[in-house]
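Chain and residue survey
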Amino acid sequence: MTESSVPAPVGTSLTGSSRVKRGLAEMLKGGVIMDVVTAEQARIAEDAGAVAVMALERVPADIRAQGGVARMSDPDLIEAIIAEVSIPVMAKARIGHFVEAQVLQALDVDYIDESEVLSPADYVNHIDKWAFNTPFVCGATNLGEALRRINEGAAMIRSKGEAGTGDVSEATKHIRKISSEINQLKSMTRDELYVAAKELQAPYELVLEVAETGKLPVVLFVAGGVATPADAAMMMQLGADGVFVGSGIFKSGNPEARAAAVVKATTFYDDPSVIADVSRGLGEAMVGINVGDLAAPHRLAERGW
Amino acid sequence: MTTNLRSESIAPDDAVHTGPRVGVLALQGDFREHAHVLGRLGAHVSLVRRPEELDAVDGLVIPGGESSVMDKLSRTFGLAEPLKEAIAGGMPVYGTCAGLIMLADTLLDAIAGQQSLGGLDVVVRRNAFGSQNQSFETDLEVPALGEPPVHAVFIRGPVVESVGPAATPLASLADGRVVAVEQGNLLGTSFHPEITGEYRFHEYFLAKVAARVTR
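Residue positions within a chain follow its written sequence, with the count starting from 1. Chains and ligands are labelled sequentially in the order written, the chains with letters from A and the ligands with numbers from 1. Restriction of local features to residues with pLDDT of at least 70 applies here, the model being predicted, together with a cutoff of 80 or more for giving and counting side-chain atom pairs; totals for whole chains, interfaces and linings are based on all residues. To get the side-chain values, all heavy atoms of the structure are used, and hydrogens and water are removed first.

- Under the annotation held in an unreviewed UniProt entry, chain A carries the name Pyridoxal 5'-phosphate synthase subunit PdxS and is attributed to Agromyces albus.
- Under Sequence similarities (unreviewed entry), UniProt gives the following word-for-word description of chain A: "Belongs to the PdxS/SNZ family."
- What UniProt records for chain A under Subunit (unreviewed entry) is the sentence "Homohexamer and homododecamer. In the presence of PdxT, forms a dodecamer of heterodimers." UniProt positions are given in the numbering used here, feature names are shortened, and annotations may be inferred rather than shown by experiment.

The structure is reproduced here in structure tokens:
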């Protein structure tokens, strides 16, 4: 793995190192990152206790409903959101679209999400994320995919789930899959790890690191289908470092109340009495789509490789 | 329940927990990294999210994270007033980054309605360096800790804009901006020793806890 972090001499400072990039994700842990499409929604998210917002043009539920090619947001929109809030602002680039990523870096966003929720721009290559000063978060459905993204320079991973559905079952499947694959590596001998690396299609050095530490080298959030406080708490109990909520908040009946409730449930994820309290009177959850009813070509999680 | 994915274990197996009882505020942020360092240094570590959990510790660390979220949750769940009372009562508290913001008497560039616990006679500016693209690592001379310099990581960090008469600066950047302060039993840094393997600030803090426990 290319390690861009080198010790800085006294008096000089270093930006964009692995430690600095991964460090911001460390500070977001235990928090909720919310999708927003306007500055007003960003304000609601910050007031509700979001640790960061994800700026995008349409939430995944609308991308799904309206179809068409989904791309990076208008720079004016991203700048309006950056101007509105003081918490970190993330924004999405299409898979492989390194120029959208260059634009987002120039706009001074805090994190770039190379996201399967947008239409891929390259069906072979992901972005070379080491080439950027701004850190990247990438989606993964399993351990091998997570390690390939980390090898390309991702400083944070989110399990994909199935965005825009309000159905948490795929998020559950992906976090359980990553957890189970890490557990398997922990029990392997060194000679077995060579084969594991081959089967995971991931670099041996990263596979060895995961086997030795029992965790990913970067922070792991869960995304895709989280719609209720209990969904968020379940993801935390399954081992997530934090939660992304996309359509689940602003496609619900009372976004302000639901956003604040998801934040509280994420902090007190292991206390059912708190989760019960915050779940009362939230109004309607997003209507949602059962993932089983989605034809395979419409499943976003299958984008990325 | 599977919690093995998370970044650090709370209680490392090889540590001997004979030291003082130290809590880490666990509302949001990198509290597990602090718990890990404190555990390695022999402290008896617990996570604090409720007032009764605060009653069970002799010192507290407020971690890095998002200060506006910690502020909201601490007030919503009835922890803010007990925290202020503990600080006023002399409990040793160490805050890193968001934790320093929480300990400052006066905030600049806070979100609307954001409050701090106070205790440190300083004015702290939130996100003082700008966006994540300006986050950085550097080496800092910290005379109170001696040699070698501290390797410090600043993540959208705050700075101490002015230091009141009751507080003492411990470290500054090359341009003179103060990034570490101390006042009695309170300690605050703009940066994150907990993610670099730098244990000396935590040792310095644990000495304050030990001095208070044995007094």
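1. A closer look at the overall build of chain B
- Secondary structure elements follow DSSP: runs of H or I no shorter than four residues count as helices, runs of E no shorter than two count as strands, and numbering proceeds from the N terminus. In terms of regular secondary structure, chain B is built from six helices and 12 strands.
- Note that the radius of gyration is over C-alpha atoms, with the globule rule given as 2.2 Å times the number of residues to the power 0.38. Taken over the C-alpha trace, chain B has a radius of gyration of 16 Å; the compact-globule value for 215 residues is 17 Å, and the two agree within 12%.
- The buried share of chain B, taken over its 215 residues, is 61%.
- The criterion used for residue contact is that any of the two residues' heavy atoms lie within 4.5 Å. Residue pairs at least 24 apart in sequence account for 65% of intrachain contacts in chain B once pairs closer than 6 positions are excluded.
- Areas reported as accessible are Shrake-Rupley estimates using a 1.4 Å probe. Residue values count occlusion only from the protein chains shown. As displayed, chain B offers around 7,500 Å² of accessible surface, 51% of which is attributable to carbon and sulfur atoms.
- Note that His is not counted, nor are the chain ends; the positive residues are Lys and Arg, and the negative ones are Asp and Glu. A single reference atom marks each charge: NZ on Lys, CZ on Arg, CG on Asp, CD on Glu. Taking the average place of the 17 positive charges on the side chains of chain B and the average place of its 26 negative ones, the gap between the two points comes to 6 Å. Partly exposed describes any residue whose relative accessible area lies between the buried limit of under 20% and the exposed limit of over 50%, with all areas from a 1.4 Å probe on protein chains only and scaled to the type maximum.

2. A look at the UniProt feature "binding site: D-ribose 5-phosphate" (unreviewed entry) in chain A
All names here are of chain A.
- In the numbering used here, UniProt assigns the "binding site: D-ribose 5-phosphate" (unreviewed entry) feature to Asp35, Gly164, Gly225, Gly246 and Ser247. Spanning 213 residues, the annotated positions come together in the fold, the maximum distance between their C-alpha atoms being 12.3 Å. Of the residues annotated just before, the largest cavity has Asp35, Gly164, Gly225, Gly246 and Ser247 among its lining.
- Relative to the helices and strands, Gly164 resides in the loop between β7 (156-159) and α7 (169-186).
- Assessed through its relative accessible area of 9%, Gly164 is described here as buried.
- Among residues more than four places away in sequence, those in contact with Gly164 are Pro60, Ala61, Arg64, Ser247, Met286 and Ile289.
- Within the secondary structure, Gly246 sits in the loop between β9 (242-245) and α11 (247-250).
- The exposure class of Gly246 is buried, given its relative accessible area of 18%. In the cavity and pocket records, a cavity denotes points on a 1 Å grid over the protein atoms alone where a 1.4 Å probe fits but cannot get out, a pocket denotes an open set with protein on both sides within 12 Å along at least 5 of 7 lines, and lining residues are residues with an atom within 4 Å of a point.

3. What about the sheet that holds strand β1 (residues 13-15) of chain A?
- Taking strand neighbours across the sheet as the criterion, the three strands line up as β1(A)-β7(B)-β8(B) in an open arrangement whose pairing is antiparallel. Lying at the two open borders of the sheet, with one neighbouring strand each, are β1 of chain A together with β8 (150-154) of chain B. Direction aside, neighbouring strands of the sheet carry axes that sit 20° apart on average.
- A pair of strands is treated as paired once DSSP finds two or more bridges between them. By the bridge criterion, five bridges tie strand β7 (residues 136-140) of chain B to β8(B) in an arrangement that is antiparallel. Opposite Asp139(B), over in β8(B), you have His151(B) as the bridge partner. Whenever a helix is involved, its axis is fitted only over the stretch in contact; in every case the axis is a line through C-alpha atoms, and angles between N-to-C directions fall within 0 to 180 degrees.

4. Observations regarding the sheet that holds strand β8 (residues 219-222) of chain A
All names here are of chain A.
- Here we have eight strands rolled up into a closed barrel, ordered β2-β3-β4-β5-β6-β7-β8-β9, and parallel in their pairing. For this sheet, the mean inter-axis angle between neighbouring strands, taken without regard to orientation, is 30°.
- Relative to strand β6 (residues 136-140), strand β5 (residues 111-115) runs parallel, the two being bridged by three bridges. By the bridge assignment for β6, Asp113 is matched with Val137.
- The strands touched by helix α1 (residues 18-28) are β2 (32-36), β3 (52-55), β4 (89-94), β5, β7 and β8; relative to β5, the strand with the most contacts, the crossing angle is about 90°.
- Running over the sheet, helix α12 (residues 255-267) touches β2 and β9 and is turned about 155° from β2.

5. Observations concerning the pairing of strand β6 (residues 120-125) of chain B
All names here are of chain B.
- The sheet contact formed by strand β5 (residues 104-108) and β6 spans four bridges and is parallel. Residue pairing in the sheet places Leu107 in a bridge with Val124 of β6.
- Bridge count between β6 and strand β9 (residues 159-163): four bridges; the pairing is antiparallel. Note on β9: the bridge partner recorded for Arg125 is Val159.

6. Observations concerning the pattern of salt bridges
- A side-chain nitrogen of Lys or Arg and a carboxyl oxygen of Asp or Glu constitute a salt bridge if their distance falls within 4 Å. As enumerated under the stated definition, the model contains 32 salt bridges over all chains in all.
- The closest approach of N and O atoms between Arg50(B) and Asp271(A), which form a salt bridge, is 2.7 Å. Note that Arg50(B) is positioned in the loop between β2 (44-48) and α2 (51-55) and Asp271(A) in the loop between α12 and α13 (272-279), a pairing that runs across two chains.
- Look at Arg50(B) and you get buried, because its relative accessible area is 18%.
- What makes Asp271(A) buried here is its relative accessible area of 14%.
- Here Lys84(B) makes a salt bridge to Glu81(B), at a shortest N to O gap of 3.4 Å. Linking Lys84(B) with Glu81(B), this pair stays in helix α4 (residues 80-88), spanning three residues, or about one helical turn.

7. Here's the deal with the nonpolar core
- The term nonpolar core refers to a set of buried residues drawn from Ala, Val, Leu, Ile, Met, Phe, Trp, Tyr and Cys, joined through side-chain atoms within 4.5 Å. Within the largest apolar cluster, 137 residues are counted, with the highest numbers of intra-cluster contacts made by Met156(A) and Ile157(A).
- With near-sequence residues (within four places) excluded, Ile157(A) lies in contact with Val137(A), Cys138(A), Ala140(A), Ala146(A), Arg149(A), Ile150(A), Leu216(A), Val218(A), Val219(A), Leu220(A) and Phe221(A).

8. Section: the packing of α7(A) against helix α9 (residues 204-213) of chain A
Residues and elements named next belong to chain A.
- Two numbers describe how α7 lies on α9: the axes approach to 8 Å, and their chain directions differ by 85°. One way to sum up the angle between α7 and α9 is to call them roughly perpendicular. Between α7 and α9, the contacting residues are Ile182, Leu185 and Lys186 on the first element and Val207, Val210 and Ala211 on the second.
- Asp, Glu, Lys and Arg are counted as charged, while Ala, Val, Leu, Ile, Met, Phe, Trp, Tyr, Cys and Pro are counted as nonpolar; the rest, among them Gly, fall into the polar class. For the contact of α7 with α9, the per-class residue count stands at five nonpolar, no polar and one charged. These descriptions rest on fixed angle ranges, namely under 35 degrees for roughly parallel, over 145 for roughly antiparallel, 65 to 115 for roughly perpendicular, and the rest for oblique.

9. Here we look at the side chain of Arg156(B)
- Here Arg156(B) lies in the loop between β8 and β9.
- Here Asp110(A) takes part through its side chain, which lies 2.9 Å from a polar atom of the side chain of Arg156(B).
- With sequence-adjacent residues up to four places away left out, Arg156(B) is seen in contact with Leu24(A), Ser86(A), Ile87(A), Pro88(A), Asp110(A), Asn127(B), Gly130(B), Ser131(B), Gln132(B) and Ser135(B). Think of a polar contact as two N or O atoms within 3.5 Å of one another; within protein, one of them needs to be a possible hydrogen donor and the other a possible acceptor, and neighboring residues in sequence only count if both atoms come from side chains.

10. Some thoughts on the interface of chain A and chain B
- With 61 residues of chain A in contact, the opposing surface of chain B contributes 47 residues.
- Summed over both partners, the interface of chain A with chain B comes to about 4,300 Å²; 52% of that surface belongs to carbon and sulfur atoms.
- The buried area of a pairing is the accessible area, by a 1.4 Å probe, that goes missing from both parts when the two are put together, added over both. Per-residue buried area on chain A facing chain B is highest for Arg19(A), Met27(A) and Phe268(A); these three make up 16% of the total on that side.
- On inspection of chain A and its partner chain B, the count reaches five salt bridges.

11. Description of the UniProt feature "binding site: D-glyceraldehyde 3-phosphate" (unreviewed entry) in chain A
All names here are of chain A.
- Per the UniProt record, "binding site: D-glyceraldehyde 3-phosphate" (unreviewed entry) is found at Arg176.
- In this fold, Arg176 is placed in helix α7.
- The class of Arg176 is partly exposed, set by a relative accessible area of 49%.

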